[in-house]
Amino acid sequence: MAAGVASRRAPRLPAGCAAPYGSMAAPGAAAAAAALVQYVVLRGDLGRPPRSWPLGAVVAQGCHAALAAAHAHRQHPDTRAYLELGGAMRTVVLEAPDEAALTALAETLKQHSIDHEVWTEQPENVATCLALRPYPKDQVHQHLKKFKLLK
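Residues numbered from 1 in each chain as written. Predicted model: local features only at pLDDT ≥ 70, side-chain atom pairs only at ≥ 80, totals over all residues. Heavy atoms only, no water.

## Section: the overall build of the chain
Filter applied, for reference: Helix numbers and strand numbers start at the N terminus; a helix is a DSSP run of H or I with at least 4 residues, a strand a run of E with at least 2. Burial classes: relative accessible area under 20% of the type maximum marks a residue as buried, over 50% as exposed, and values in between as partly exposed (1.4 Å probe, protein chains only). Residue contacts are counted whenever heavy atoms from the two residues lie within 4.5 Å of one another.
The number of helices and strands found in the chain is 5 helices and 6 strands. Listing the helices and strands of the chain from first to last along the sequence gives α-β-α-α-β-α-β-β-β-α-β. Buried residues in the chain amount to 37% of all 151 residues. Here the contacts in the chain between residues at least 6 apart in sequence split such that 73% fall between residues at least 24 apart.

Have a look at this one:
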């Protein structure tokens with residue numbers, strides 16, 4: 001190995017967690033299904049009138065929710081494996097049209113025992129975003145497919 005060049009070893013994964021998508025031999029349906037992904041769902045209405053929050057404030061809500069979910073579930077094998085991916089982490093940011101849709105999604109996730117965190121902005125006490133802990137895509141996508149990518 002050349003001087004100053006560090007080798008990157010694939011992280012050892014805890015037993016029972018999904019293999020990170022970057023280490024799979026061949027892409028395809030099976031690889032995509034097992035890929036660890038963290039879904040973040042932001043309220044789209046926050047950036048539009050009458051609220052018109054600045055873009056940075058809306059982005060911050062997503063950051064808060066994603067970090068809260070990762071922290072709350074930091075001991076879960078999938079979360080640990082996801083964090084080990086470093087620059088290869090896969091995050092999908094979706095849009096809920098309003099607070100009612102976000103609240104309904106949170107209830108659906110709760111009913112299906114899907115780990116997530118709802119971020120509530122204080123002191124306004126406004127639910128702005130939710131984030132799931134990292135999951136294999138095939139385990140959670142069915143509950144999120146009606147939401148579009150945030151634009």
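## Things to note about the layout of surface pockets
Rules: Buriedness for pockets is judged along seven lines, at least five of which must meet protein on both sides within 12 Å for an open set on the 1 Å grid over protein atoms alone, while cavities are sets there where a 1.4 Å probe fits but cannot get out, and lining residues have an atom within 4 Å of a point. Grid points are joined across faces, edges and corners, and a volume is the space filled by probe spheres set on the points. Charged means Asp, Glu, Lys or Arg here, nonpolar means Ala, Val, Leu, Ile, Met, Phe, Trp, Tyr, Cys or Pro, and polar covers whatever is left, Gly included.
Approximately 160 Å³ is the volume found for the second largest pocket. Among the residues forming the lining of the second largest pocket, the class breakdown is 5 nonpolar, 2 polar and 3 charged.

## Regarding the pattern of salt bridges
Heads up, the condition is: The rule for a salt bridge is simple: a side-chain nitrogen of Lys or Arg has to be within 4 Å of a carboxyl oxygen of Asp or Glu.
Counted under the stated rule, the structure contains 5 salt bridges. Taking the shortest distance from any N to any O, the salt bridge between Arg 133 and Asp 78 comes out at 3.8 Å. With Arg 133 in the loop between β4 (126-132) and β5 (135-136) and Asp 78 in helix α3 (residues 77-84), this residue pair connects regions lying 55 residues apart in the sequence. Look at Asp 78 and you get buried, because its relative accessible area is 5%. What emerges from the salt-bridge pattern is a single network uniting Arg 43, Asp 45 and Glu 99.

## Digging into the nonpolar core
For clarity, the threshold we go by: Here, the term nonpolar core denotes a set of buried Ala, Val, Leu, Ile, Met, Phe, Trp, Tyr and Cys residues that are joined through side-chain atoms within 4.5 Å.
Residues Tyr 39, Val 41, Leu 130, Leu 132 and Leu 144 are the most contacted members of the largest nonpolar core, which totals 19 residues. Elements that contribute at least two residues to this core include exactly β1 (36-43), β2 (91-96), α4 (99-111), β4 and α5 (137-144). Leave out the neighbours within four places in its chain, and Leu 144 touches Tyr 39, Val 41, Leu 94, Leu 105 and Leu 132.

## A look at unusual backbone geometry
Between Pro 49 and the following residue, Pro 50, the backbone shows a cis peptide bond with an omega angle of 10°. With respect to the helices, strands and loops of the structure, Pro 50 is situated in the loop between β1 and α2 (55-72). Between Gln 122 and Pro 123 the backbone carries a cis peptide bond, its omega angle lying at 10°. Within the secondary structure, Pro 123 sits in the loop between β3 (116-121) and β4.

## Quick look at the state of the cysteines
Operational definition: Any two cysteine sulfur atoms within 2.5 Å of one another count as a disulfide.
In this structure the tally under the stated criterion is 0 disulfides. For Cys 63, which is in no disulfide, the shortest distance to another cysteine sulfur is to Cys 129 and amounts to 8.9 Å. Judged by its relative accessible area of 40%, Cys 63 falls in the partly exposed class. Residue classification places Cys 129 among the buried residues on the basis of a relative accessible area of 0%.

## Let's talk about the pairing of β2
The following threshold applies: Following DSSP output, two strands are said to pair if at least two bridges run between them.
Relative to β2, β1 runs parallel, the two being bridged by 6 bridges. Counted as the bridge partner of Tyr 39 is Val 92 from β2.

## Describing the confidence of the model for the chain
Do not read the predicted coordinates in detail wherever pLDDT is low. Formally: Each residue carries a pLDDT value, the predictor's own confidence for that position, ranging from 0 to 100.
Averaged over the chain, the pLDDT score is 85; the fraction of residues at 70 or greater is 77%. Here residues 1-14 is a poorly scored stretch, pLDDT under 50, and it has 10 contacts once near neighbours within four places are set aside; other chains count. Counted against residues more than four places away or in other chains, residues 20-30, with its pLDDT under 50, gives 12 contacts.

## Observations regarding the side chain of Gln 61
The following threshold applies: Side-chain atoms alone can form a polar contact between residues adjacent in sequence; in general such a contact is a pair of N or O atoms within 3.5 Å, and within protein one must be able to donate a hydrogen while the other accepts it.
Along the chain, Gln 61 turns up in helix α2. Residue Gln 61 is classed as buried on the basis of its relative accessible area of 4%. At a separation of 3.2 Å, a polar atom in the side chain of Gln 61 contacts the side chain of Glu 121. Those residues in contact with Gln 61, other than ones at most four positions away along the chain, are Leu 42, Trp 53, Trp 119, Glu 121, Thr 128 and Cys 129.

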